[in-house]
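Breakdown of the fold
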Amino acid sequence: TIRPVRRSYYDPSSAPGKGVVWEWENDSGSWTPYDMDVGITIQRAYEKQHPWVDLSAIGFCYVIDFATMGQINRQTQRKRRVRRRLDMVYPLVSGTLPKSQSWPASPGAAAAPPVPTCACPQCLLVMSVKATVSAAGPGTTTLQPRKPPPVPPTTPKALAPAPGAKAPDGMATVRGSLKPLAAQGVRRQAASTPALSSASSTASPPGTGSGKASRPGLGTLNRSHLQRLAIAQSRVLIASGVPTVPVKNLTGSSPVNPALAGITGILMSAAGLPVCLTRPPKLVLHPPPVSKSEIQSIPGISHTCRKTTKKQAKKGKTPEEVLKKYLQKVRHPPDEDCTICMERLSAPSGYKGPQPAVKPDLVGKLVKCGHVFHLHCLVAMYNNGNKDGSLQCPTCKTIYGVKTGTQPPGKMEYHIIPHALPGHSDCKTIRIIYNIPPGVQGPEHPNPGKSFTARGFPRHCYLPDSEKGRKVLKLLLVAWDRRLIFAIGTSSTTGESDTVIWNEIHHKTEFGSNLTGHGYPDINYLDNVLAELAAQGITEESLAQEKD
């Protein structure tokens, strides 16, 4: 598979040019660096001594407050810590930026290669290849098949240079420890592979015409020769136990793919790196076909299908009445900030939106976790949420009441199929099928009245039919009833907005492989998903609540 790549250059006065890295603290307490462009924007505002910077201009709904070194979500008002640290300077280019160049070099291009942008092995290797091809001249740089010259009788030394002859300075010359291996591989292929010769008589010095072909340069090899040389070398490396590097589409239908695969092998071996061209593992998303008679219901779980039900908060309950159950009034506020409005708790709330019917200077403490906020801010946060009678502490995420989500209407099917997952050969498999159609967003969604898309449905997910797997399924059913499996937002994969997305409860969508990280074997998955469900307020106690 051929994909374009690019390399970005950054000004020496920018954050990467100075080695400045901006990071935010994730839920596990470790630090995650911002994307390069975001870090540059933050650093530019920091150097201008701005008190804060709004990242909405570059597509992120965050505000960075330099006074408190915090990141504030403009929608949820959640705050995270940020930090600025010095790291190694990003690789820079001396002088002006180089112009784009094509390769192989055109006939009119200068023979001398440009100065390497840096001294790393990768750049030096690429520049040396360009120099070789440029020096070989226009008559030798071709990948078109051509009829090979007559082949002399094959001997073990048929592909070795004649005594005293100098091999062309091509990248096909294998250096280091791989030189004897590659030579053995080429000799093993000599019986069925035409000899590789130079494109012109000038490539071989005088005195080498004793019936022996000299080793070719990179510019003299056509596509079939490149592929044969790479395959020969890879067979020797397989036999010697060298680790393999998978390269896709070695035998693809496009004539470019085999050539690129062969060149990859030659370049890596020329740099002294072990290489073996293999086919990539196969992605297995779905199990073998299953008939209706083979599908079984799950013991202990009634029915095999469930539709979304929308649970509303009890009527007549105002936000103040809901929050009163979870709060204690604080007469003497501590000397710290309210993490919602970022004002001191001893001062009035800094919330500037629609004013709730609560005095802005009142302060309350959540009874379970003990975190303190302005009542004014908590009411505003509740009004901006799902208004389902529950509350989640913006500092520690402790849930008060029964949390529900905004999942759009749909259907969830679940049953047992007679196939085993990798790593769970001792049991069958629970298959879950989610199906959500596109529709129109409701008042609880980001853009009420606007249509939303539903890509990739029906979505098939898999659990082992073990005791813990059935426990996860029961809790997923609770999450489905509480509308917490999916949400409407912006896809992190495609960037599409107003579409159905996963809602922080991971599912396994690969049946027989784990190439994307969403498959099996994964010994920690069931424990991880139980922790994610608990973070949404769904535990074994929830099963008893649902029965009640």
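What counts and what doesn't
- Residues numbered from 1 in each chain as written.
- Predicted model: local features only at pLDDT ≥ 70, side-chain atom pairs only at ≥ 80, totals over all residues.
- Heavy atoms only, no water.
- Helix = DSSP H or I, 4+ residues; strand = E, 2+ residues; numbered from the N terminus.
- Buried < 20%, exposed > 50% of the residue type's maximum accessible area, 1.4 Å probe, protein only.
- Contact = heavy atoms within 4.5 Å.
- pLDDT = per-residue confidence, 0-100.
- Core = buried A, V, L, I, M, F, W, Y, C linked by side-chain atoms within 4.5 Å.

Our focus in this paragraph is the overall build of the chain. The secondary structure content of the chain amounts to 11 helices and 21 strands. Of all 548 residues assigned to the chain, the portion counted as buried reaches 38%. Taking as baseline every contact in the chain between residues at least 6 positions apart, the subset at least 24 positions apart corresponds to 65%.

Mean pLDDT over the chain works out to 75, with 63% of the residues at or above the 70 mark. Put simply, helix α4 (residues 178–188) is where the chain has its lowest mean pLDDT, 44, and strand β16 (residues 429–435) is where it has its highest, 97. Segment residues 139–147 is flagged for pLDDT under 50; beyond a separation of four residues in sequence, or across chains, it makes 18 contacts in the model. Taken together, the stretch residues 247–256 has pLDDT below 50 and engages in 19 contacts with residues farther than four places along the chain or on a different chain.

Here we come to the nonpolar core. In terms of nonpolar packing, the biggest core is built from 39 residues, with M412, I432, Y434, L463, L473 and L476 touching the most fellow members. Mapped onto this core, the elements with two or more residues apiece are β15 (411–417), β16, β19 (459–464), α9 (467–481), β20 (486–489) and α10 (525–535). Broken down by element, the residue count for this core peaks at eight residues, all from α9. Apart from the residues lying within four places of it in its own chain, the contact partners of M412 are T304, C305, R306, I432, I433, Y434, L473, L476, L477 and W480.

Okay, helix α8 (residues 375–383) next. Counted residue by residue, α8 has eight buried out of nine residues, so it is predominantly covered. Among all positions in α8, only L375, H376, C377, L378, V379, A380, M381 and Y382 are buried. Buried residues in α8 make contact with α7 (319–324), β10 (327–329), β11 (363–366), β12 (372–374) and β13 (391–392).

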